[in-house]
Amino acid sequence: MVYRTGRLLSGIALAAMVGIATVSTQASAATLHMAWSQDATGLDPHKQTAFSSLRLLELVYEPLVRLDAQLQIVPAIADSWQFSKDAKELTFKLNPKAKFQNGAAVTAADVKASFERILDEKTGAAARANFLSIASIDTPDTTTVVFHLSQPDVPILTAMSDVNAAIVPASEIAAGSIGIKAVGSGPFKLDKWDPNAKEVLSANKDWAGGPTGVDGIEISVLPDEASILAAMRAKQVDFALLNDPLVATLVPKEPTLQLNREPVLAYHVLQLNPSRKPMTELKVRQAISCAIDRQEVLDTASLGEGKVTGPLTIPALATDPSALFCYKRDVEKAKKLMAEAGHADGFSATVIGATGEPPTAAAEAQVIQSQLAEIGIKLDIKMMELNVYVDAWLKGDFDMAIALNGGRADPYTMYNRYWTKAGNLQKVANYIDDTLDSLMQKGRVETDPAERKATFGEFEKHLAEVSPWIWLYTSYSYTAQQKNVEGFVPTPTGTLFSLAKVTVKQ
Amino acid sequence: MRMVRAVFSHGSGRIGGAIVGFYLLVAVLGMVGLTPHDPLAQFRIDRLHAPSAAYWMGTDLFGRDVASRLMVGVGQSFIVAFLSVAFASLAGTVLGLAAAWLGRRWDGIVMRVMDVLLAFPAILLALLIVAVAGPGTWTSVVAIGIVYTPIFTRIVRGPALSLKAREFVDAARTFGSSTHYIVTRHLLLNLVAPLTVQVTLALAWALLTEAGLSFLGLGTQPPAASLGLMLSDSRKLMETAPWLMIFPGLAIMISILGFNLLGDALRDILDPRTRRSPA
Amino acid sequence: MTYLMRRLATFPLVLLGVSILVFVAIRMVPGDAITAMLGTEAGLLTPQQRQSLAAYFGIDQPWLVQYWRWLLGVFQGNLGISVTYGRPVLDVILERFPLTLELALMSMIIALAVGVPAGIFAATRNERPSDLGVRVIAMIGQSTPSFVLGLLIIYTLSAGFGVLPAMGAFVPLWQDPLRNLGQLILPALTLGFAFAASVTRISRSAMLDVLSDDYVRTARSKGASARSVIWRHALPNALIPVVTLSGIEFGYLLGGAVIVEQVFALPGLGRMVLDAILQRDYALVQGCVLFIAFNFMIINLLVDLAYVLLDPRIRLGEQ
């Protein structure tokens, strides 16, 4: 394999010399021009949780393991891993070729230091909540790491595939420079970051998984997605991340452009607040569930781009949502439930939503408002700036909330924050019962895949029936690209990691 | 009545008056519910329907009738524009007169506070007000009103100061008129012209600012309609459903045209210096 | 001179007011740097984690302490550190300001070059069809929201012709003047169109005012030609409101044109403040607003000084 020199010209010259056979590898463009509408908010992989930050940091940092397009766990820094029989010990073998961008090898000591940093409350890493079962970490040699767990914890492996569990150099931790400099072991180096304007990434020649398909990536922040489409039409942008289905659905109409759409784990949901009257009553919540036509919300707000879903959005575990409670709209039943709860005349409530987050929020709220009006519920819509919304949401200060909540590859990691008795976000969910809690605990320690599926299936069925929230639909993650961009593989987590292998044909 | 006749005998006043009158009529029809369809009813089977006999201006993403929403939206936009300009011009006139009349110390205090507001970037001021108070019709009114208050204060204070110094006010004073009388009669009369021009300009601005706030998601709350909200909602559907942008866009343009023409006419009629014979 | 001193003396006072207003307002908006960074994941933090993040962002102290520290810093020329950029606020601002200044200047040049002649032309043909034509165009300019105009321009160029000046990768003037102007011309036209429309209207009405003033009538009755009446006698006076308007408008533009910067993806001051607000980057918001307010006041002062040049009868400071 001949390394590209970084100059388009030499690539072409070389291709001309060695002939047609090398064209597919050699004629790649030096740089991939990319655009997105929201920029990363910071560089500390342990602290940043925003979607846009993760998308950038995944190109620079690596976790121990990664999820592939089927959400199977595959090697990243670790070559192999193994749970002990009681699921209380997890051992990783590191890839001896793994190297940080400062030239140092990735060692067991770095892994240990990274996880200790995440667990240290002074760091302020939100992902810490997923790793609380780690009792101690052993490093028998430079390429072996053993995690001792205080209790069986199967989902912890999936949690380790997140870039929030990225391995950073122990030296950088000691120097206190994590978040100021980005030194990872991933496919690209971050050469320049001008927040809310642009990023310049160059290929990491030492990347253990290398070589990369392009010599660099230049990311421009174009805040209006309509402008991103315009820039793609004018061939200024090779590859773009899109959020708004209204814009994304225009892409296929362009002959030179291609739209990649991939169902994602995140779910659109109407969160009821069961601590607020009259949503305290089961029958009222169920009535709301029956009165909402989820398909219609999807068809109108997202132009049908997505799929109606129950609480479980992970393909391997998901069940047929039409079997769940009231997933077929039934206004008569809803009215009856309302009457039984003593609210035959309906009631008034306020639904909050974040402006543009997701872009479909206001539209979803309006469709739901019109559907609930049919059973006498008068909804007031209050759209708020994202942070104002988050503040109200975290305080549980709402009657109902339109949300797009992130999904995880493991249902326990995804939902323990809401639907367990000790969940950190119980004050947001405001509903828990013994069935939910015990099913979650059961699923956490279960190692047999079939048993796990059954357990979580039961969990999903019960959750839909007690209706603290009304799960609506999952949508797609969209990327748009010029047709000469090859090799991008979208995944349900929304990661852009496969840009590492993308090539641009001339 | 004399005023109305004067406006209608003025060339551009006639057109402007007719436009504004038409809008007011449309707004009233929208408010009493005389629209072709229910502006909130979602005919979801007819989503994004092009203009037709049933839907004169097409339907939006939800299958709501654009023509009906436009009629209601005109009312909503006019309410925001009128109230915010009323707020700003009233507050500005009172503050400006107070500053000019009370002189030195109060003048200093009022004008420095206005300087603070004026120096503060307008859209940020509106943004912060909306973020603190939560979005909604009244917040928009107050936000736009506060943003324009300093402009009115300045516009009133300047002429008020020079008028205060002019002979005829002194004369009135020597003839024993009360302060109250002097202020209302002479000052206000002489301020009517610059104020009227500013009011019509500000109405146009207010309509546009409301659109800008809606663009940033801070204006009128759905499912209510305002011209600005309809316009900013339309931008992502510009290619799929151009009628969603064209009709509210035209509606905003023509209404502002009407305000401006009317303003020009009023200025001609009221301005004591340029009082030309209405030709 | 004393006038100038007196005006300058009010600057610190007004800036102090602006700083207090922005300081309090931005903190009254719900949400903080922690929720901005973590979103709903912030709910997973333990109290101690929250505390150490608050200390990291410098928002763990009471407001008064925070303000006092910030104010002390300002006196030493230090506007604080931006948490999003990880750099001194002033550096970040000065990096973005040239674009904003250039865009504002270009828009003003377009506006004055088109607006003043058009306004005079219309005034001299008062109420004739050509006057009406100019006025209608001006009113269309004033009544088109900038995002609509901007989007239409971008859409027409990209969908119709497949061309577009480079979006995103902004190049400063001193690196590549041609490319830079190419990137700024469309946003400048978008802003300039509305600006020119206001200038046209104001210069027309000011011209009409002046033409009916006594001294112009006198000049006319003394037999001065129409042309010399307009250019020698009327124009300087008519320019006063134009200068006022342009000054104020220019001052606003120096604060950044949020919406146009958004549509054309320009990294200007306006978008930076908006992003800073959305990301609750308090130091950056405070620094930017102070900077913008200062510029605005300077421009206003220059406008007032310009009055004296245009009309010797006006003497400043007599009010």
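Treat the numbers as computed from the prediction; the structure is a model and nothing was measured.

About the thresholds
Residues numbered from 1 in each chain as written. Chains lettered and ligands numbered in written order. Predicted model: local features only at pLDDT ≥ 70, side-chain atom pairs only at ≥ 80, totals over all residues. Helix = DSSP H or I, 4+ residues; strand = E, 2+ residues; numbered from the N terminus. Buried ≥ 20, exposed ≤ 12 C-beta atoms within 10 Å, placed from the backbone. Contact = placed C-beta atoms within 7 Å. Rg over C-alpha atoms; globule rule 2.2 N^0.38 Å. Core = buried A, V, L, I, M, F, W, Y, C linked by C-beta atoms within 7 Å. pLDDT = per-residue confidence, 0-100. Pairing = 2+ DSSP bridges. Axes fitted to C-alpha atoms, helices over the stretch in contact; angles between N-to-C directions. Expected span 1.5 Å × (residues − 1). Domains from an automatic or database assignment. Nonpolar A, V, L, I, M, F, W, Y, C, P; charged D, E, K, R; others polar. Parallel < 35°, antiparallel > 145°, perpendicular 65-115°, else oblique. Left-handed = near helix turned anticlockwise from the far one by under 90°.

Regarding the overall build of chain B
1) Next: On a plain count of helices and strands, chain B comes out with 10 helices and zero strands.
2) Next: Going from the N terminus to the C terminus, chain B shows its helices and strands as α-α-α-α-α-α-α-α-α-α.
3) Next: The buried share among the 279 residues of chain B stands at 55%.
4) Next: Sequence separation of 24 or more characterises 68% of the internal contacts of chain B that already satisfy a separation of 6 or more.

Structural notes on the overall build of chain A
1) Next: Of regular secondary structure, chain A possesses 17 helices and 21 strands.
2) Next: Whereas a compact globule of 506 residues would reach a radius of gyration of roughly 23 Å, chain A reaches 24 Å, a difference of no more than 12%.
3) Next: Counting only C-alpha atoms, chain A reaches 80 × 55 × 40 Å along its principal axes.
4) Next: In chain A, buried positions account for 56% of the 506 residues.
5) Next: Sequence separation of at least 24 residues holds for 68% of the intrachain contacts in chain A that already meet a minimum separation of 6.

Focus on the nonpolar core
1) Next: A:A240, B:A126, C:C288 and C:V289 are the most contacted members of the largest nonpolar core, which totals 345 residues.
2) Next: Filtering out sequence-adjacent residues up to four positions away, C:V289 remains in contact with B:F120, B:P121, B:L124, C:V18, C:V22 and C:V273.

Comments concerning the confidence of the model for chain A
Interpretation of this model should avoid reading the predicted coordinates in detail wherever pLDDT is low.
1) Next: Looking at chain A, pLDDT values average 90 and 94% of them are 70 or higher.
2) Next: pLDDT under 50 marks residues 1–28 of chain A. Its contacts with residues more than four places away, or in other chains, come to 26 contacts.

A short note on the sheet that holds strand β9 (residues 198–203) of chain A
Residue and element names in this part refer to chain A.
1) Next: Reading across from one edge, β8-β9-β10-β1-β11-β19-β12 is the order of the seven strands in this open sheet, with mixed pairing throughout. Looking at the sheet topology across the chains shown, the edges are occupied by β8 (188–194) and β12 (257–263). Adjacent strand axes in the sheet meet at a mean angle of 20 degrees when their direction is disregarded.
2) Next: Strand direction decides the pairing type here: strand β1 (residues 31–36) and strand β11 (residues 239–242), joined by two bridges, are parallel. Following the sheet pairing, A35 is matched in β11 by A240.
3) Next: Against the sheet, helix α3 (residues 51–60) contacts β1, β8, β9 and β11, and its axis sits at roughly 140 degrees relative to β8.

With respect to the pairing of β1(A)
Residue and element names in this part refer to chain A.
1) Next: Counting buried residues along β1, five of its six residues qualify, which places the element largely inside the surrounding structure.
2) Next: Inspection of the sheet shows β1 paired to strand β10 (residues 216–221) by six bridges, in the parallel sense. Pairing of H33 across the sheet is with E218, part of β10.

Structural notes on helix α17 (residues 449–466) of chain A
1) Next: Over its 18 residues, α17(A) extends 26 Å from the first C-alpha to the last, a length consistent with the 26 Å expected when each residue adds 1.5 Å.
2) Next: In this fold, the buried residues of α17(A) make contact with α14 (411–419) and α16 (434–445) of chain A.

Regarding the domain arrangement of chain A
All names here are of chain A.
1) Next: Under the domain assignment used here, chain A contains domain 1 (18–59 + 188–262 + 478–504), domain 2 (65–175) and domain 3 (264–475).
2) Next: Placing a centre on the C-alpha atoms of domain 1 and another on those of domain 2 gives a separation of 27 Å.
3) Next: Sorting elements by how many residues they give to the side of domain 1 that touches domain 2 places α3 first, with three residues.
4) Next: When grouped by side-chain class, the residues that make up the side of domain 1 that touches domain 2 number seven nonpolar, five polar and four charged.

Observations concerning the environment of A:V200
All names here are of chain A.
1) Next: Turning to its location among the elements, V200 is positioned in strand β9.
2) Next: Using a count of 17 C-beta atoms within 10 Å as the deciding quantity, one classes V200 as partly exposed.
3) Next: In this structure, the C-alpha to C-alpha distance between V200 and K189, residues 11 residues apart in sequence, is 8.5 Å.
4) Next: The residues touching V200, leaving out its near neighbours within four places in the chain, are D191, K192, G216 and E218.

Notes on the sheet that holds strand β18 (residues 469–474) of chain A
All names here are of chain A.
1) Next: As summarised here, the arrangement of the six strands in space is β14-β18-β13-β17-β15-β16, forming an open sheet in which the pairing is mixed. Each end of this open sheet is capped by a strand with a single partner; those strands are β14 (307–308) and β16 (377–384).
2) Next: With four bridges connecting them, strand β13 (residues 267–272) and β18 associate as antiparallel partners. Of the residues in β18, the one forming a bridge with Q271 is W469.
3) Next: Packing of helix α12 (residues 361–373) onto the sheet brings it into contact with β13, β15 (347–354), β16 and β17 (400–405), and relative to β16 it is tilted by some 170 degrees.
4) Next: In the packing of helix α13 (residues 386–394) onto the sheet, the strands contacted are β15, β16 and β17, and the crossing angle to β15 comes to about 130 degrees.

Regarding the packing of helix α8 (residues 177–211) of chain C against helix α10 (residues 226–254) of chain C
Residue and element names in this part refer to chain C.
1) Next: Here α8 crosses α10 at 155 degrees, and the two axes come no closer than 8 Å. Compared by their axis directions, α8 and α10 come out roughly antiparallel. Where α8 crosses over α10, the handedness of that crossing is right-handed. Of α10, the residues touching α8 (which contributes L191, F195, S198, V199, I202, S203, A206, M207, V210 and L211) are A234, N237, A238, P241, V242, L245, S246, E249 and L253.
2) Next: Partitioning the contact of α8 with α10 into residue classes produces 14 nonpolar, four polar and one charged.

Observations concerning the interface of chain C and chain A
1) Next: Each partner contributes residues to the interface: chain C has 45 residues there, and chain A has 43 residues.
2) Next: For the side of chain C that touches chain A, the secondary structure elements donating two or more residues are α2 (33–38), α3 (47–57), α7 (146–161), α11 (258–263) and α12 (269–278) of chain C.
3) Next: Residue composition of the side of chain C that touches chain A, by class: 25 nonpolar, 16 polar and four charged.

Structural notes on the packing of helix α9 (residues 282–291) of chain A against helix α11 (residues 331–340) of chain A
In a pair of packed helices, the angle between the axes and the distance between the axes together describe the arrangement.
All names here are of chain A.
1) Next: With their axes 8 Å apart at the nearest point, α9 and α11 run at an angle of 165 degrees to one another. Put simply, α9 runs roughly antiparallel to α11. Pair α9 / α11 crosses with left-handed handedness. Along its contact with α9, which presents K283, V284, Q286, A287, C290 and A291, the element α11 presents V331, K333, A334, L337, M338 and E340.
2) Next: The residue inventory of the contact of α9 with α11, partitioned by class, reads eight nonpolar, one polar and three charged.

Quick word on unusual backbone geometry
1) Next: Of note, the amide linkage connecting A:K277 to A:P278 takes the cis form, showing an omega dihedral of -5 degrees.
2) Next: Along the polypeptide, A:P278 turns up in the loop between β13 and α9.
3) Next: The phi dihedral of A:N430 falls on the positive side, at around 60 degrees, and the residue is not glycine.
4) Next: Within the element layout of this structure, A:N430 appears in the loop between α15 (426–429) and α16.
5) Next: Positive phi outside glycine occurs at C:A265, with the angle close to 55 degrees.
6) Next: With respect to the helices and strands, C:A265 occurs in the loop between α11 and α12.
7) Next: By the C-beta count within 10 Å, which is 28 here, C:A265 ends up buried.

Considerations on the pairing of strand β7 (residues 144–149) of chain A
In summary, the side chains of a regular strand alternate between the two faces of the sheet.
All names here are of chain A.
1) Next: Burial of the side chains of β7 is restricted to one face: V145, F147 and L149 are buried, whereas none of T144, V146 and H148 on the reverse face is.
2) Next: Pairing of strand β5 (residues 89–94) with β7, which is carried by five bridges, proceeds in the antiparallel orientation. Bridging across to β7, T91 finds its partner in V146.
3) Next: Across five bridges, the pairing between strand β6 (residues 134–141) and β7 is antiparallel. In the sheet register, I134 faces β7, and the bridge partner there is L149.
4) Next: Turn length for the β6-β7 hairpin, with the two strands adjacent in sequence and antiparallel, is two residues.

Topic: the confidence of the model for chain B
Residue and element names in this part refer to chain B.
1) Next: Summarising the model, chain B shows a mean pLDDT of 83, and 87% of its residues fall at 70 or more.
2) Next: Per-element confidence in chain B ranges from a low mean pLDDT of 63 for helix α7 (residues 167–174) to a high of 92 for helix α3 (residues 66–102).
3) Next: Across residues 274–279, where pLDDT falls below 50, the model places 10 contacts with residues more than four positions away in sequence or in other chains.
4) Next: For this predicted complex, the interface score ipTM comes out at 0.86, while the overall pTM is 0.89.

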